[in-house]
Amino acid sequence: MSLVSHSTSLRRAPVQRRSAERLTRILDACADLLDEVGYDALSTRYVAQRARVPIGSVYRFFGNKREMVGALAQRNLERYTDRVTQRLRQSGEGWRAVMDTVLDEYLEMKRTAPGFSLVDFGNQIPIGTRDGEPNTLVADRLTELLAGRVGREPDEELRRTFLVAVETADTLVHLAFRMAPGGDPGVIGETREILRAYLARVLD
């Protein structure tokens with residue numbers, strides 16, 4: 001897995017291992033500080049101090065904090081995809097088991113991944129225009145990853161189906177986490193049932 005996709009706005013992609021490790025420290029520090037101080041109080045200077053790198057190292061990769069947070073969101077998507085892929089190797093057959101894995105891994109990252117509750121895959125970056133529409137990127141990634149598992153061609157109908165499912169889950173999961181720190185179990189249960197009912201129309 002790459003540290004950050006080439007689709008992100010890195011000023012300069014890391015080439016040497018030392019540079020890649022420095023980028024990882026910067027993004028790790030960014031994630032930790034988002035949880036501690038929030039987006040508004042986040043600054044490139046704070047991130048450089050936490051990552052123990054010169055401020056110039058941050059600006060080597062990012063022009064501002066929004067670009068940095070965008071790269072963190074992209075890394076979250078890469079890590080999420082990897083986690084789903086690993087889980088699917090042990091999951092049961094059938095699309096319901098597949099979609100349970102997809103939702104469960106998202107919930108786990110919401111609960112445990114630093115900075116994820118504020119940024120996730122980019123949906124909550126609070127200023128500017130969202131590049132690439134994060135939920136569309138997630139739906140496209142799931143289509144590529146799951147088409148074979150659900151017995152469908154990765155066509156536009158399947159992409160649209162997953163996009164509607166992702167948008168629905170995104171809204172309801174955020175509601176669940178507004179209601180309870182770890183996600184309200186009742187709302188999560190309803191989310192699972194809604195997704196199964198919707199997807200059954202297309203995947204059964």
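An account of the accompanying structure is given in this report. (Residues numbered from 1 in each chain as written. Predicted model: local features only at pLDDT ≥ 70, side-chain atom pairs only at ≥ 80, totals over all residues. Heavy atoms only, no water.)

Some thoughts on the overall build of the protein
Within the protein one finds nine helices and zero strands. Scanning the protein from its N terminus toward the C terminus, one meets helices and strands in the order α-α-α-α-α-α-α-α-α. Taken across its 204 residues, the protein has 48% of its residues classed as buried. In the protein, the proportion of contacts linking residues at least 24 apart, taken out of those at least 6 apart, comes to 67%. (Helix = DSSP H or I, 4+ residues; strand = E, 2+ residues; numbered from the N terminus. Buried < 20%, exposed > 50% of the residue type's maximum accessible area, 1.4 Å probe, protein only. Contact = heavy atoms within 4.5 Å.)

Concerning the packing of helix H5 (residues 95-112) against helix H9 (residues 185-203)
The contact between H5 and H9 brings their axes to 11 Å, and the two run at 145°. When you trace H5 past H9, the crossing you get is right-handed. Of the residues in H9, those in contact with Trp 95, Arg 96, Met 99, Asp 100, Leu 103, Asp 104, Leu 107 and Arg 111 of H5 are Ile 188, Arg 192, Leu 195, Arg 196, Leu 199, Ala 200 and Leu 203. Residue composition of the contact of H5 with H9, by class: nine nonpolar, no polar and six charged. (Axes fitted to C-alpha atoms, helices over the stretch in contact; angles between N-to-C directions. Left-handed = near helix turned anticlockwise from the far one by under 90°. Nonpolar A, V, L, I, M, F, W, Y, C, P; charged D, E, K, R; others polar.)

Overview of the environment of Leu 33
On the secondary structure map, Leu 33 appears in helix H1 (residues 17-41). Remark: the alpha-carbon pair of Leu 33 and Arg 50, spanning 17 residues in sequence, is separated by 8.3 Å. The contacts of Leu 33, once residues within four sequence positions are left out, are Gly 38, Leu 42, Tyr 46, Val 47 and Arg 50.

Here we look at the environment of Glu 93
In this fold, Glu 93 is placed in the loop between helix H4 (65-88) and H5. For Glu 93 and Arg 149, which are 56 residues apart along the polypeptide, the C-alpha to C-alpha distance reads 8.0 Å.

Remarks on H4
End to end, H4 covers 35 Å across 24 residues, agreeing with the expected 34 Å (1.5 Å per residue, within 8%). A side-chain oxygen of the first residue of H4 lies 3.1 Å from the backbone nitrogen of Arg 66; this N-cap is Asn 64. (Expected span 1.5 Å × (residues − 1). Polar contact = N/O pair within 3.5 Å; in protein donor to acceptor, adjacent residues only side chain to side chain.)

So, the nonpolar core
Judged by nonpolar contacts, the single largest core of 36 residues is most densely connected at Tyr 80, Met 99 and Leu 146. Sorting the residues of this core by element identifies H4, H5, helix H7 (134-146), helix H8 (156-179) and H9 as the ones contributing at least two each. Each residue touching Tyr 80, except ones within four places of it in the same chain, is listed here: Val 102, Glu 105, Tyr 106, Met 109, Phe 121 and Leu 142. Formed by 23 residues, the second largest nonpolar core is a distinct cluster that contains Leu 27, Val 47, Val 69 and Leu 72. (Core = buried A, V, L, I, M, F, W, Y, C linked by side-chain atoms within 4.5 Å.)

Thoughts on the pattern of salt bridges
Evaluated as defined, the whole model comprises 15 salt bridges. The partner of Glu 105 in a salt bridge is Arg 87, and the shortest N-O contact between them spans 2.7 Å. One end of the pair, Glu 105, is in helix H5; the other, Arg 87, is in helix H4, with 18 residues separating them in the sequence. Judged by relative accessible area, Arg 87 falls into the partly exposed class, the value being 32%. For the salt bridge of Asp 140 with Arg 159, the shortest nitrogen-to-oxygen distance reads 3.4 Å. (Salt bridge = Lys/Arg side-chain N within 4 Å of Asp/Glu carboxyl O.)

Let's talk about the side chain of Ser 57
Tracing the chain through its elements places Ser 57 in helix H3 (residues 55-61). Look at Ser 57 and you get buried, because its relative accessible area is 8%. The contacts of Ser 57, once residues within four sequence positions are left out, are Arg 22 and Ile 26.

Observations regarding the packing of aromatic side chains
Under the counting rule described, the total for this entry stands at six aromatic pairs. With a centroid separation of 6.5 Å and 85° between ring planes, the pair formed by Tyr 80 and Tyr 106 is classed as edge-to-face. Pair noted here: Tyr 80 is in helix H4 and Tyr 106 is in helix H5, with a separation of 26 residues, a long-range link. One exposure class covers both Tyr 80 and Tyr 106, and it is buried. Judged by centre distance (5.7 Å) and plane angle (70°), the ring pair of Tyr 106 and Phe 116 falls under edge-to-face. Linking Tyr 106 in helix H5 with Phe 116 in helix H6 (residues 116-119), this pair joins segments that are ten residues apart in sequence. (Phe/Tyr/Trp six-rings, centres within 6.5 Å; stacked < 30°, edge-to-face > 60°.)

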